[in-house]
Amino acid sequence: MENVWREKHKIFYSRFDRDGRLKIDAWSDLLQEAAATHADHLGVGMRDLAEKGLFWVLAQIRVAVSGDPAPGEIVEVATYPSGGRRLFATREFRISGADGRILLEGSSRWVMLATGTGRPQSFQLIADKLPDNSDLPVRFDFAEKLPAPENFDFSASFPVRHSMEDLNGHLNNAGYLAAAQDTLRIGGGNETIRGYEIVYHKALRFPETLTLKMKKGGDAALFTGFNDQRERCVSGALFFR
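Residues numbered from 1 in each chain as written. Predicted model: local features only at pLDDT ≥ 70, side-chain atom pairs only at ≥ 80, totals over all residues. Heavy atoms only, no water.

A.B. asks: Lay out the overall build of the protein in plain terms, naming residues and giving numbers.
C.D. replies: Counting its secondary structure elements, the protein contains three helices and eleven strands. Its C-alpha radius of gyration of 18 Å places the protein within 12% of the 18 Å reference for a compact globule of 241 residues. Along the three orthogonal principal directions, the C-alpha set of the protein runs to about 50 × 45 × 35 Å. Counting across all 241 residues of the protein, residues that qualify as buried make up 48%. (Helix = DSSP H or I, 4+ residues; strand = E, 2+ residues; numbered from the N terminus. Rg over C-alpha atoms; globule rule 2.2 N^0.38 Å. Buried < 20%, exposed > 50% of the residue type's maximum accessible area, 1.4 Å probe, protein only.)

Have a look at this one:
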């Protein structure tokens, strides 16, 4: 059993924005890929859970970006489970550059849902398959809630396309981040995003539309996303330092 999973990835030129920085959704793709592969290795991956009528969803994640890779650079993604509580399983991330410098650190919370009903299942169902990593660091604590803005500065809408859905049949986690970055630019913001925190509340599917409303203040932009029925489906923050 590999307590800490490490894998190498080449960062393709297509994953950079016009300012030469890695797109925010590209960071998310790297983290999701490593988490899924490690879960497969531990016997709690997508196929393993599907046999039990279960599937994973990302509930919350926070990351801090301290540097950017170069186009074509080989980076290392390291990830490990860091425990769990009640309905949530937690997982840590670190991405390092080819020279060993830390580019990103993050923490996440995941929940298992029952296929068909979508009801959350206890973390204890798979706890015995996870390694004891209690001696390893936890980057962020999720005890505090994100502040909810009373009003918003601007908004943007994004139709969910087939190409944006994932294996679970809904808008992929990275799609919300890409929409948040686009909303910031649509609102006139040109800040460099150096991290994010996002909470996923409700799945979106084709042909629904994601409407993101955003408020900027200080070193962050808070956002909330709604579906066609005006139900909240996502909330989060982009950090500029």
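A.B. asks: Go over the pattern of salt bridges, please, and point to the residues and values.
C.D. replies: Using the criterion set out here, one finds 14 salt bridges in the structure. The salt bridge involving R6 is made with E76; its shortest N-O contact spans 3.9 Å. Of this pair, R6 sits in strand β1 (residues 5-10) while E76 sits in strand β3 (residues 74-85), and the two are 70 residues apart along the sequence. Classification of R6 by relative accessible area gives exposed; the value is 54%. Each of R6, K8 and E76 takes part in a single network of salt bridges with overlapping partners. (Salt bridge = Lys/Arg side-chain N within 4 Å of Asp/Glu carboxyl O.)

A.B. asks: So what's going on with the environment of Q181? Residues and values would help.
C.D. replies: On the secondary structure map, Q181 appears in helix α3 (residues 173-186). Each C-alpha atom, one on Q181 and one on A237, is 10 Å from the other, the two residues being 56 residues apart in sequence. Once residues within four sequence positions are removed from consideration, Q181 is found in contact with D17, K23, I24, I193 and L238. (Contact = heavy atoms within 4.5 Å.)

A.B. asks: How would you summarise the packing of aromatic side chains if you had to cite specific residues and measurements?
C.D. replies: In total, this model carries one aromatic pair according to the counting rule given. Note on Y176 and Y200: the rings are 5.4 Å apart at their centroids and 70 degrees apart in plane angle, and the pair reads as edge-to-face. One end of the pair, Y176, is in helix α3; the other, Y200, is in strand β8 (residues 195-200), with 24 residues separating them in the sequence. Looking at Y176, the relative accessible area reads 3%, which means it is buried. The ring of F88 carries R109 above its face, with NZ or CZ at 4.0 Å from the centroid. (Phe/Tyr/Trp six-rings, centres within 6.5 Å; stacked < 30°, edge-to-face > 60°. Lys NZ or Arg CZ within 6 Å of the ring centre and 35° of its normal.)

A.B. asks: Give a detailed account of the environment of K23, specifying residues and quantitative values.
C.D. replies: Looking at the secondary structure, you find K23 in the loop between β1 and α1 (24-42). By relative accessible area, which is 27% here, K23 ends up partly exposed. Here S14 takes part through its backbone oxygen, which lies 3.5 Å from a polar atom of the side chain of K23. (Polar contact = N/O pair within 3.5 Å; in protein donor to acceptor, adjacent residues only side chain to side chain.)

A.B. asks: Mind laying out unusual backbone geometry, listing which residues take part and the relevant values?
C.D. replies: In this structure, the amide linkage connecting F206 to the following residue, P207, adopts the cis form with an omega of 5 degrees. As for its placement among the helices and strands, P207 is situated in the loop between β8 and β9 (209-217). For R86, which is not a glycine, the phi torsion comes out positive at approximately 55 degrees. Here R86 shows up in the loop between β3 and β4 (88-96). Residue R86 is classed as exposed on the basis of its relative accessible area of 69%.

A.B. asks: How would you sum up the environment of E105? Please name residues and give values.
C.D. replies: Tracing the chain through its elements places E105 in strand β5 (residues 102-114). With 27 residues separating them in the primary sequence, E105 and A78 have C-alpha atoms 9.5 Å apart. With residues up to four places along the chain from it excluded, the contact list for E105 reads R62, V63, A64, F93, R94, R139 and F140.

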